[in-house]
Structures are given as C-alpha cells and as structure tokens.
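# Structure assessment
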Amino acid sequence: MGHALLEGVFADEGLTLHGALDRADSVQIGHDAGEQFGKTTGVKISHDVHAALQGADVMVDFTRPDASLEYIAACREAKVKLVIGTTGFSAEQKQVIESAAQDIAIVFAPNMSVGVTLLINLVQAAAKVLADGYDIEIIEAHHRHKVDAPSGTALRLGEAAASALGRDLAECAVYGREGVTGERDANTIGFATVRGGDVVGDHTVLFAGIGERVELTHKASSRATFALGALRAAKFLQSKNTGLYDMRDVLALK
Ligand SMILES: NC(=O)C1=CN([C@@H]2O[C@H](COP(=O)(O)OP(=O)(O)OC[C@H]3O[C@@H](n4cnc5c(N)ncnc54)[C@H](OP(=O)(O)O)[C@@H]3O)[C@@H](O)[C@H]2O)C=CC1
Ligand SMILES: O=C(O)C1=N[C@H](C(=O)O)C[C@H](O)C1
C-alpha cells in the first residue's frame, strides 16, 4: 500500500509528500521516496516517526497493528491527524484508537474503497429485509501475502449485518467449520477465508434462504482504489480537529 499511496500523492496536485516511513532495517531507508517512480522528491525514507511528523498535517498508516499503535502515540503527541487503514486490531487496540480520537481527528476504516463503503450500507439494508429465514455467510479472498484473517472488511461487513439484526458479532460469528459441525445455527454469521496468488480483495455477503440466495459482492481490481480513498480521507480531515470517523463519514453515506 505504501507504493500505491506514493503514486496517489504524486498524481494529486493538492497533496504534498512530507515524510515516508519504513522499518529501521528496511533497505529503503535513506532512499528518496520518489526513486521507484523515477522522481526526486527530496523526501528520504526514514524510520524516525517523530522527525517525519514535524510540520505534517496528516499521517496515513497502512502497516501492522503494532506499528500503528506506535504511530498513533506519536501523532497524538505531535497533534497530527491520522488515517488508519491497517487491519487486524484486537478489541483492546481499537479502544486505544478511540481514546486517541479525543485528542486528534482520525479516519479509521478497514477498506477505503467507495464500493465497499457503499456495500456496508447495502448489507445493512438487505439484512433488515432478509431478517427471517436467511442464513448470512461472508466469503473473502485475498493475495497470498495477507497476514490477518478474516479480513478487516469481512469483519466490518459482519458487524453491519449483525447490528442491523440487533445482534453482537462477537457472540454470533463462526470463523471456521471442520468435522461434524452439526446443523447450522440460524442466528450465526459464518466467515470463510480464501488466500492465494495476487487477488487484490474480493468480498461476498451471502443471504441464503429457501428457494433463493442474495449475494452482494465487491471485487477490487487495483490497490489504487484503497490509496485514493485514504487520500480522500486525509483531505476530509482538514476541517476536523478531533473525533473518530470512517469512510461513510468521508463519503457522506451515514
Ligand atoms: N483499509 C484499506 O483500504 C486497506 C487496508 N489494508 C491493510 O493495510 C495493512 C498493510 O497492508 P499491505 O500494504 O498489503 O502490507 P505490506 O506487508 O505490504 O506492508 C506493510 C508495511 O508495514 C511495514 N511494517 C510492518 N510492521 C512495521 C513496524 N513495526 N514498523 C514499521 N513498519 C512496519 C512492513 O514492513 P515489513 O515488510 O518489513 O514487515 C511493510 O513495509 C494491512 O493491515 C492490510 O490489511 C490493505 C489494503 C487496503
Ligand atoms: O490486506 C489487504 O490486501 C487488504 N486488506 C483489507 C482488509 O483486511 O479488509 C482491505 C482490502 O480488502 C485489502
């Protein structure tokens, strides 16, 4: 995502690259952030988050939960706004994000695409209409490098369906089936994960009834869709000082 974000910033005259971060042991450290694109930006890739934040308006983070937590603390201290695209946070780690949003403005969303943001609303609407007699299953597929499962998006779609039905996802989610499972419990929401190759990100929410199925599907074909959404979120934060927002706020879909 770092690559896609840099491409997005370079293509947008309304944005200026202020810093670029990677791990301390990355071979990229010290190289110009534009080098891979044949550009000289004057911004060297570094691992010093505090230096990178000096004078910055917004940080965009797509890393891993541990790294995100370090960046959240640094942004809170430096009063820099934050777009968080990282997935795989625990409930406790999400509380840290909520708490940080009391001091700085944050957009936090597991999927920054317009399509998935719309899909959340469609799933809520479908779940309300199909509340009785329809089993909900969420199927997601991603590339072989993805480290968390189910995807943050699949979990968010599960939350959307559960909340529309007055259920708590933590209590009704089934994350895998193997062996003699018994018949399906009507109140559960099932998840299935596929990993392979270079799949950018597919999500289907299936409502399976007797005699019919409704399938709501989103397929990302380029990571640019996530990067452009994240940069749109960064611009949205210009007018915010504190608070926790998601892409439905950014796109005015709430
Ligand atoms: N919200 C959205 O729309 C989207 C969210 N994502 C999420 O964004 C995250 C990143 O995805 P992706 O770009 O594919 O993953 P990558 O593994 O390609 O990139 C993550 C980067 O973060 C670096 N990193 C990991 N840990 C640390 C650390 N402790 N300190 C500094 N840097 C660190 C990694 O370094 P190294 O390789 O050395 O470990 C790597 O450069 C994932 O959680 C993914 O699910 C992805 C796409 C869209
Ligand atoms: O890791 C990825 O690639 C993606 N992760 C996000 C998620 O976990 O939902 C979003 C997108 O599907 C790509």
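Criteria and thresholds
Residues numbered from 1 in each chain as written. Chains lettered and ligands numbered in written order. Predicted model: local features only at pLDDT ≥ 70, side-chain atom pairs only at ≥ 80, totals over all residues. Heavy atoms only, no water. UniProt positions renumbered as here; feature names shortened; annotations may be inferred. Phe/Tyr/Trp six-rings, centres within 6.5 Å; stacked < 30°, edge-to-face > 60°. Helix = DSSP H or I, 4+ residues; strand = E, 2+ residues; numbered from the N terminus. Buried < 20%, exposed > 50% of the residue type's maximum accessible area, 1.4 Å probe, protein only. Lys NZ or Arg CZ within 6 Å of the ring centre and 35° of its normal. Core = buried A, V, L, I, M, F, W, Y, C linked by side-chain atoms within 4.5 Å. Contact = heavy atoms within 4.5 Å. Pairing = 2+ DSSP bridges. Axes fitted to C-alpha atoms, helices over the stretch in contact; angles between N-to-C directions. Near = heavy atom within 4 Å. Polar contact = N/O pair within 3.5 Å; in protein donor to acceptor, adjacent residues only side chain to side chain. Areas by Shrake-Rupley, 256 points an atom, 1.4 Å probe, with all protein chains shown as cover. Nonpolar A, V, L, I, M, F, W, Y, C, P; charged D, E, K, R; others polar. Domains from an automatic or database assignment.

The protein carries the name 4-hydroxy-tetrahydrodipicolinate reductase in an unreviewed UniProt entry, which gives Methyloradius palustris as its organism. Of the comments in the UniProt record for the protein, the one headed Subunit (unreviewed entry) reads "Homotetramer." UniProt lists a comment for the protein under the heading Sequence similarities (unreviewed entry), and it reads "Belongs to the DapB family."

## A look at the packing of aromatic side chains
Going through the model one piece at a time under the given rule, you end up with four aromatic pairs. Between the aromatic rings of F89 and F108, the centroid separation amounts to 5.4 Å while the plane-to-plane angle is 80°, which identifies the pairing as edge-to-face. One end of the pair, F89, is in the loop between β4 (81-84) and α4 (91-100); the other, F108, is in strand β5 (residues 105-108), with 19 residues separating them in the sequence. Summarising the burial analysis for this pair, F89 and F108 share the class buried. Centre to centre, the rings of F236 and Y245 are 5.3 Å apart; their planes meet at 75°, and the pair counts as edge-to-face. Y245 matches F236 in its accessibility class, with the two residues each being buried. Over the face of the ring belonging to F236 we find K240, whose NZ or CZ atom lies 4.8 Å from the ring centre. One cation-aromatic arrangement involves K240 over Y245; the distance from NZ or CZ to the ring centre is 5.9 Å.

## Considerations on the nonpolar core
Core analysis: the biggest nonpolar cluster contains 30 residues, and A33, V83, V107, L237, M247 and V250 have the highest contact counts within it. Elements represented by at least two residues in this core include exactly α1 (2-10), β5, α8 (224-236) and α9 (247-250). When residues of this core are assigned to their parent elements, the largest contribution, seven residues, is made by α8. Every residue in contact with A33, bar those within four places of it in the chain, is listed here: L6, F10, L17, A20, T41, V43 and I45. L119, A127, V205 and F207 belong to the second-largest nonpolar core, a separate cluster that totals 23 residues.

## Quick notes on the sheet that holds β4
Pairing in this open sheet of four strands is parallel, and the strands run β3-β4-β5-β11 from one edge to the other. Each edge of the sheet is formed by a strand with only one pairing partner; in this case those strands are β3 (58-61) and β11 (243-245). Each strand axis lies, on average, 15° off the axis of its neighbour in the sheet, ignoring direction. Direction of pairing for β5 relative to β11: parallel, over a ladder of three bridges. By the bridge assignment for β11, I106 is matched with L244.

## Thoughts on the site of ligand 2
Lining the immediate surroundings of ligand 2 are 13 residues, of which H142, H143, K146, T153 and R223 lie closest. In the model, an oxygen atom of ligand 2 is placed 3.4 Å from a nitrogen or oxygen of the T87 side chain. Protein coverage of the free-state accessible area of ligand 2, which is 320 Å², stands at 89%. Partitioned by chemical class, the residues of the shell around ligand 2 number three nonpolar, eight polar and two charged. Residue assignment places the shell around ligand 2 across two domains, with domain 1 (2-112 + 223-250) and domain 2 (114-220) each supplying three or more.

## Thoughts on the environment of H142
Looking at the element boundaries, H142 is found in strand β6 (residues 135-142). In this structure H142 comes out as buried when scored by relative accessible area, which is 7%. Through-space distance from the C-alpha of H142 to that of A208 is 23 Å; in sequence the pair is 66 residues apart. Within the structure, H142 has its side chain in polar contact with the side chain of E140 (distance 2.8 Å).

## Side note on the pairing of β6
Among the eight residues of β6, six are classified as buried, and the element is accordingly described as predominantly covered. As defined by bridge partners, β6 adjoins strand β9 (residues 201-208) across seven bridges and the pair is classed as antiparallel. Bridging from a neighbouring strand, A141 pairs with D202 of β9. In terms of strand pairing, β6 meets strand β8 (residues 189-195) through seven bridges, oriented parallel. Paired with I139 across the bridge in β8 is A192.

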